Amino acid sequence: MDKKNTEAQQTNFADNSLNLKIIFGKFMAFLPFFIVSLAISLIVGFLVNRYTTPKYSLKASLLIKDKNRSSFDGAESFLQGSSLLMQSKNLENEIGILKSRSLVEQTLNRLNFRVSYFVEKKKKKTELFENLPFLIQLDSIHFQTYETPIYIKFLSGNKVEVSSNGKAGKVLVPFDEEQVENVNSKIEKKIFDINQEIIYENLKFKLVVLDPLIFSYRDNIYHILLNSKKNLVLKFTNSLNVKTINKQSSIVEITKESSYPEKDIAFIDAICNTYIEQGLIEKEQISKNTIRFINIQLNDLQDTLKNIESNLLAFKSNNKLINIGDEGKMIMVKLSNLDNQKSIEQSKFKYYSYLYDYIYKNKNFKEVIAPSSMNIADPLLNSLIIKLAELYTKKITYENSFKDANPALVEIEQNIKNIKLSLIENLNNIKNQSTIMINDITTQINAVEKELNTLPITERQFLNINRKFNISDKLYTYLLEKRAEAGIAGASVVADNRVIDKAIIVGKIYPKTSTIYSLALAIGLIIPLIVIFVIEFFSTSIINHQQLQLATKIPLVGNIIHNSSNSALVIANSPKASISESFRNLRSNLNYLISKKDKKVILVTSTVSGEGKTFLSMNLASVIAIGGARTLLIGVDLRKPKIFQDFNLNNSVGLTNYLIGKASVDEIIQKTNLSTLDIITAGPTPPNPSELLMSDEFGELLEIMKEKYDFILLDTPPVGLVADGLDLMRHADLNLYIVRQKVSRKNYLNLINDLYNSDKNTNIGIVFNDVNFAPIYGYGYGNGYGYGYGYGYGYGYGYGYGYGAYSSYGTYGDDIEKPKKSLWKRIIGL
């Protein structure tokens, strides 16, 4: 058992080694194809690297101060709470603002991107941004053609040629960018003087030359592109990416892919500056709104204070007032405290009323005055205002980034509505509480005022006037302090956000030279492999012995290698050629196969015409005859006789004449240059060849010839076309079935396989004809090929024959014209 396993392992190892040699041989055979494929793919890779417009990755970083920090930095001690809304910053909202269409539009308004300038040098297009050779000044009220290249060619004599090369663009009105009746405009080719204004029906601009040498750059092709603001905003909005560097950080990275980095670097830096300035403006607006609200209160109070002050001075002037008693002083202190409380509470009530009206009248919360600026420390009120401000910020972000029907935007609007209702309800409660408090203070004031009635009238009048003055003066002073605080806070405003790193190029995205060349190398190798696989997979012809063994179980009798001579009679004309040696090997194998028979009839057939059965019949008969055996070759293919042509014989009398009784045996036998080889040609083509071959006369002829010859070879018609060959097999001691490399198809063997499998006593052998041992056909890559034969006739023989890798062979065979070999075939050995 161990011995059998060892032998099986050795056999598998040998098969695997052979398969590896075949694979390697095929690779080497297709080596020129691999070299050409690699060369082409690498050239394509070079062209891609050379002429593809590169794309770069740009990056800038921006610090956004988190919501736990005060937005006024050093101003907190002066105006606590004025920055409450800014403290409520949400990082996700700020990222949304950075990517919003409104911010992109504000940024583009600061940049001169409405006209794009391009130059094409050596088939490579580049956008010009800095150091422009010329400048375009558009007419702001004339129709303009947008979104199509307008080519400008600088000619000698200070002339320019303008055209759109047959391309049409949209016609827009520059100042509002409304399309004019969906007109598509083509700019026809015209020549203008350099100082002349370029005027078309749908285009008007003035060209200003900045580089006088531009007229000498004859190889440069320039064109401009007028961009609509809408498309510019959309383009930059969609291409901008903003994200935090990590979850714990408030530093965001602004990245963008760009084919023209100089222009996009300017845009990224500009949008960072615009965002920072917008934050400063919003913070300054809070301070201004607070001051404006206080100024309104001061203006109303200022006139009242002047009148009271005048009355007080007049009263003092008209009355020589003596010192006020202790009782009057005590009453005065009580009233002063109560009046001060009432005035403060009244100021708060006015703020509540202001906030109530603001909610109803305003669409956003950017300009609202913070409660803390009025010394209002209501946690619920502050919380609701902060939430409402955050929702408005998020709403603006979503409106600038998504369509109106976005579900998230609908949800935000519903939340704003709910917060407003809660805030209004809260304000109503606070106003009611404030009213109660004011009424309570008023009641206390009324009680203290009754005590004034016990004082002398003059003293009482003085205290009333002085009291009114003190109330107004304290309130006026309080408001002045708040205005001063707001002013100081506004003057000390600094940006919450700052640029950490300006935009830079961090790397080239495409094309990456090494990646392109690696891809080209891979494609250059894969394409030949795919071609080899497709050829092998879809090939229906028998190419090598492995395929032949898979297609049939009929034993292989011999191999006839590729014919390199111009003659079909290779045995007679080229006895020392390698192909003649292969016929001698075949003769030796036949001697072992039918050695027990005194007389041997060998039938040669194939599936279709062109597989070389006549060629093999003639040369096999010749090599047997040279060996000294009396040999007869009979051309049994009555429909398409050929043997007589190569032997230069007369075909007017042959087998047909004998079978119809028009000639004797001696009359149909013709001699050849070989004394031991005779031939019976087919003769004239009869109307009923099948019936003649099935007649008794043909069998009688074979019996007569067996007495005179040692070997009789029958060259029969193809069995796949007519049934004559199958009928004649009963007369043969050995049937040779011809399979020709690259010509015979795998399904050709189905008929002979059925015959062989149905009757094991049928003496059939395969001859592999026209074999080329080049590596491309799966015979490894070396100097020889070994194969063995086993025969299923109750005995077996193994023979090993080595043939070199032959090159520059011609072709032969029935109905096959000799083609001239290409250089490619000569290189790989076909």
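Here the residue numbering is sequential within each chain, running from 1 through the sequence in written order. Given that this is a predicted model, residues contribute local features only at a pLDDT of at least 70 and side-chain atom pairs are listed and counted only at 80 or more, while totals for whole chains, interfaces and linings are drawn from all residues. Excluded from the side-chain calculation are hydrogens and water; included are all heavy atoms of the structure.

**Comments concerning the packing of helix H15 (residues 578–593) against helix H16 (residues 613–626)**
Axis lines are fitted through C-alpha atoms, for helices just across the contact stretch, and the angle between N-to-C directions can take any value from 0 to 180 degrees. Secondary structure elements are defined from DSSP: runs of H or I of at least 4 residues count as helices, runs of E of at least 2 residues count as strands, and each element is numbered from the N terminus. Remark: H15 packs on H16, axes separated minimally by 9 Å, with the N-to-C direction vectors making an angle of 75°. Overall, the two elements H15 and H16 adopt an arrangement that is roughly perpendicular. In this structure, H15 uses Ile579, Phe583, Arg584, Leu586, Arg587 and Leu590 to contact H16, whose residues at the interface are Phe615, Leu616, Asn619, Leu620, Val623 and Ile624. Looking at the contact of H15 with H16 residue by residue, the classes come out as 9 nonpolar, 1 polar and 2 charged. Orientation labels follow simple angle bins: below 35 degrees gives roughly parallel, above 145 gives roughly antiparallel, 65 to 115 gives roughly perpendicular, and whatever is left gives oblique. The contact definition used throughout considers only heavy atoms, calling two residues in contact when any of these lie within 4.5 Å. Each residue gets one label: Ala, Val, Leu, Ile, Met, Phe, Trp, Tyr, Cys and Pro are nonpolar, Asp, Glu, Lys and Arg are charged, and the others, such as Gly, are polar.

**Here we look at the packing of aromatic side chains**
Aromatic contacts are taken between Phe, Tyr and Trp rings whose centres are within 6.5 Å, Trp giving its six-membered ring; a plane angle under 30 degrees counts as stacked, one over 60 as edge-to-face, and the others as tilted. Scanning the model with the defined rule gives 11 aromatic pairs in all. Each ring, one from Phe134 and one from Tyr222, has its centre 5.7 Å from the other, and the planes form 85°; the classification is edge-to-face. Note that Phe134 is positioned in strand E4 (residues 134–138) and Tyr222 in strand E13 (residues 221–226), a separation of 88 residues in sequence. Here Phe134 falls in the buried class, since its relative accessible area comes to 1%. Exposure categories follow from relative accessible area, calculated using a 1.4 Å probe and restricted to protein chains: below 20% of the type maximum is buried, above 50% is exposed, and the middle band is partly exposed.

**Some remarks on the sheet that holds E4**
When DSSP finds two or more bridges between two strands, those strands count as paired. The 3 strands lie next to each other as E4-E12-E11, forming an open sheet whose pairing is antiparallel. Where the open sheet ends on each side, the last strands, each with one partner, are E4 and strand E11 (198–200). For this sheet, the mean inter-axis angle between neighbouring strands, taken without regard to orientation, is 20°. Relative to strand E12 (residues 203–209), E4 runs antiparallel, the two sharing 5 bridges. By the bridge assignment for E12, Ile136 is matched with Leu207.

**A short note on unusual backbone geometry**
One non-glycine residue, Glu147, lies in the positive phi region at around 60°. Position of Glu147 among the secondary structure elements: in the loop between strand E5 (144–146) and strand E6 (150–155). Judged by its relative accessible area of 31%, Glu147 falls in the partly exposed class. Phi at Lys742 takes a positive value of approximately 70°, unusual for a residue other than glycine.

**Thoughts on helix H12 (residues 513–538)**
Helix length check: H12 (26 residues) gives 37 Å between terminal C-alpha atoms against 38 Å at 1.5 Å per residue, within 8%. Turning to H12, its buried residues number three or more, namely Ile516, Ala520, Gly524, Pro528 and Ile532. If you follow the buried residues of H12, they end up packed against helix H2 (31–51) and strand E16 (498–510). The span you would expect from a helix comes to 1.5 Å times its residue count less one.

**Overview of a nonpolar patch on the surface**
Taken together, the side chains of Ile526, Ile530, Phe533, Val534, Phe537 and Phe538 present a nonpolar region at the surface, about 630 Å² in accessible area. With respect to the element layout, Phe533 can be found in helix H12. Put simply, a patch holds well-exposed residues, over 30% relative accessible area, that have no salt bridge, with like charges counted together within 9 Å and Val, Leu, Ile, Met, Phe, Trp or Tyr side chains within 5 Å. Using the Shrake-Rupley algorithm and a 1.4 Å probe, accessible areas are obtained, with residue cover drawn only from the displayed protein chains. The working definition used for a salt bridge is a side-chain nitrogen of Lys or Arg within 4 Å of a carboxyl oxygen of Asp or Glu.

**Here's the deal with the pattern of salt bridges**
Pairing between side chains of opposite charge can happen when their charged atoms approach one another. Tallied over the entire structure, the rule returns 14 salt bridges. The closest approach of N and O atoms between Glu277 and Arg110, which form a salt bridge, is 3.2 Å. You can see Glu277 sitting in helix H7 (residues 261–318) and its partner Arg110 sitting in the loop between helix H5 (101–109) and strand E2 (115–121), a full 167 residues away along the chain. The partly exposed category is assigned to Arg110, whose relative accessible area is 44%. One network of salt bridges, with partners in common, ties together Lys613, Asp637 and Asp715.

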